[in-house]
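So the chains spell out like this:
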Amino acid sequence: GESVGLHLPTLSVQEGDNSIINCAYSNSASDYFIWYKQESGKGPQFIIDIRSNMDKRQGQRVTVLLNKTVKHLSLQIAATQPGDSAVYFCAENDFNKFYFGSGTKLNVKP
Amino acid sequence: GAVVSQHPSWVICKSGTSVKIECRSLDFQATTMFWYRQFPKQSLMLMATSNEGSKATYEQGVEKDKFLINHASLTLSTLTVTSAHPEDSSFYICSARGTDGHYGYTFGSGTRLTVV
């Protein structure tokens, strides 16, 4: 599969602050990306997706930015809450299969 | 919303035995199901893709005779770890993609396999 990697393995933020999680991907032909949240011992949960014809997409408290020039994705979480503590993965679509990045653990400090 | 049920959630087996893990789509038909493996503090590694009624496609480096995948219906796929050994201990997760055009897909809750 393609290589999808993250810059930061662990991110600690204060409750109420904004969080930014980054991801680099290697396949310039990838046309669809998803951010997932995984809590300990559970399967990944869909957070937000973006297609390659967009550079920004917003959801509830989350925004995904896509920079195709440098093959970079970011996930922004506004007003981070304790319930946001988890591992976050970006996933890259390659021929209808998803390949996951290495993950970032988000710790939200009260 | 789309729900994927995975069973069992955890299993302990003796070395040399086989273990079957089930993945069911509860409220939608899944033409394609995917099986992932995840080691502690690591990412999900795609093992194989299964399409209903056809043979699974395995990722490079995954032993198809070791990890048997069956996708006999549009709602059920099974992964059997044959002759399990301690190094097969891992978290196995399935996901399913529906027939309704939904492009993303839903994950099961995972199965923790421990081989002793």
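First things first, this report covers the structure right here in the doc. (Residues numbered from 1 in each chain as written. Chains lettered and ligands numbered in written order. Predicted model: local features only at pLDDT ≥ 70, side-chain atom pairs only at ≥ 80, totals over all residues. Heavy atoms only, no water.)

1. Structural notes on the overall build of chain B
For clarity, the cut-off: Secondary structure elements follow DSSP: runs of H or I no shorter than four residues count as helices, runs of E no shorter than two count as strands, and numbering proceeds from the N terminus. Throughout, radius of gyration means the C-alpha value; the globule benchmark is 2.2 Å times the number of residues raised to the power 0.38. Buried residues are those whose accessible area, probed at 1.4 Å on protein chains only, stays under 20% of the maximum for their type, while exposed residues exceed 50% and partly exposed ones sit between those limits. Throughout, the Shrake-Rupley method with a 1.4 Å probe supplies accessible areas, and for residues the shown protein chains are the sole cover considered. His is not counted, nor are the chain ends; Lys and Arg add positive charge and Asp and Glu add negative charge. Taken as the charge centre is NZ of Lys, CZ of Arg, CG of Asp or CD of Glu, depending on the residue.
Helices and strands together make up the secondary structure of chain B, namely zero helices and eleven strands. In sequence order, chain B lays out its α and β elements as β-β-β-β-β-β-β-β-β-β-β. For chain B, whose C-alpha radius of gyration is 13 Å, the value lies close to the compact-globule estimate of 13 Å for 116 residues. If you line up chain B on its principal axes, its C-alpha atoms span 40 × 25 × 20 Å. By residue count, 51% of the 116 residues in chain B fall in the buried class. Here chain B has roughly 5,700 Å² of accessible surface; of this, 53% comes from carbon and sulfur atoms. Positive and negative charge centroids in chain B, built from 10 and 9 side chains respectively, lie 5 Å apart.

2. Overview of the state of the cysteines
Operational definition: In this description, a disulfide is simply a cysteine sulfur pair whose atoms lie within 2.5 Å.
A complete count under the given rule lists two disulfides over all chains for this structure. Paired through a disulfide, cysteine 23 of chain A and cysteine 90 of chain A show a sulfur-sulfur distance of 1.7 Å. As the torsion about the S-S bond is roughly 40 degrees, the cysteine 23 of chain A-cysteine 90 of chain A disulfide counts as right-handed. Taken together, the residues span a long stretch of sequence, with cysteine 23 of chain A in strand E3 (residues 19-25) and cysteine 90 of chain A in strand E9 (residues 86-94) at a distance of 67 residues. We classify cysteine 90 of chain A as buried; its relative accessible area is 0%. Two residues, cysteine 23 of chain B and cysteine 94 of chain B, share a disulfide whose sulfurs are 2.0 Å apart. Given an S-S torsion of about 80 degrees, the disulfide between cysteine 23 of chain B and cysteine 94 of chain B has right-handed geometry. With cysteine 23 of chain B in strand E3 (residues 19-25) and cysteine 94 of chain B in strand E9 (residues 90-98), the pair connects residues that are 71 residues apart, well separated along the chain. With respect to class, cysteine 23 of chain B is no different from cysteine 94 of chain B; both count as buried.

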